[in-house]
Amino acid sequence: MFLGTHHPKLDDKGRLTLPAKYREALAGGLMVTKGQDHCLYVFPREEFEQIARKVAQAPFANKAVRAWQRYLFAGTDEQQPDGQGRISITSELRQYAGLSKECVVIGAINRLEIWDAQRWQDYLDEHEEEYSAAQEEVLPGVF
């Protein structure tokens, strides 16, 4: 399970060091893809393969399904962290997420999300009240 917030820096070669606590879970390889809200998703390879199997079962005769499959799979890059836990983020993915040197990596249960630090702060500021209101809808009676 991926949890927490970390603040790695993107180096001049487009490499990002993943937090040490996640490296074992990602040692078998990982997939970096365009996420929602202009962040990047990082899935362990096995998790991404499960998602891919489900997506492959969707009816490709449906125009929306084809469009979504193209978007997801064309924007996915397979990576293997190096000995220091670094991955290379392609220029296309860096551009999509607007990544600068200052990044934030958050745990989101089954995936990591990579955000530009300023975009992440803007997202938090913009959605704070929605988060509070959504709690009752998402988890009624839990908190």
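Everything below is about the structure printed above this text.
Calculation criteria
- Residues numbered from 1 in each chain as written.
- Predicted model: local features only at pLDDT ≥ 70, side-chain atom pairs only at ≥ 80, totals over all residues.
- Heavy atoms only, no water.
- Helix = DSSP H or I, 4+ residues; strand = E, 2+ residues; numbered from the N terminus.
- Rg over C-alpha atoms; globule rule 2.2 N^0.38 Å.
- Buried < 20%, exposed > 50% of the residue type's maximum accessible area, 1.4 Å probe, protein only.
- Contact = heavy atoms within 4.5 Å.
- Areas by Shrake-Rupley, 256 points an atom, 1.4 Å probe, with all protein chains shown as cover.
- Lys, Arg positive; Asp, Glu negative; His and termini not counted.
- Charge placed at Lys NZ, Arg CZ, Asp CG, Glu CD.

**Observations regarding the overall build of the chain**
Reasoning step 1: On a plain count of helices and strands, the chain comes out with 5 helices and 8 strands.
Reasoning step 2: Tracing the chain from N to C terminus, the helices and strands come up as β-β-α-β-β-α-α-β-β-α-β-β-α.
Reasoning step 3: In summary, the chain has a C-alpha radius of gyration of 16 Å against a globular reference of 15 Å for 143 residues, a match within 12%.
Reasoning step 4: Once the C-alpha set of the chain is aligned to its principal axes, its extents read approximately 45 × 40 × 30 Å.
Reasoning step 5: Counting all 143 residues of the chain, 36% fall into the buried class.
Reasoning step 6: Long-range pairs, those at least 24 residues apart, make up 58% of the contacts in the chain between residues at least 6 apart in sequence.
Reasoning step 7: Of the roughly 9,000 Å² that the chain leaves accessible, carbon and sulfur atoms contribute 52%.
Reasoning step 8: Computed over 17 positive and 22 negative side-chain charges, the inter-centroid distance for the chain is 9 Å.

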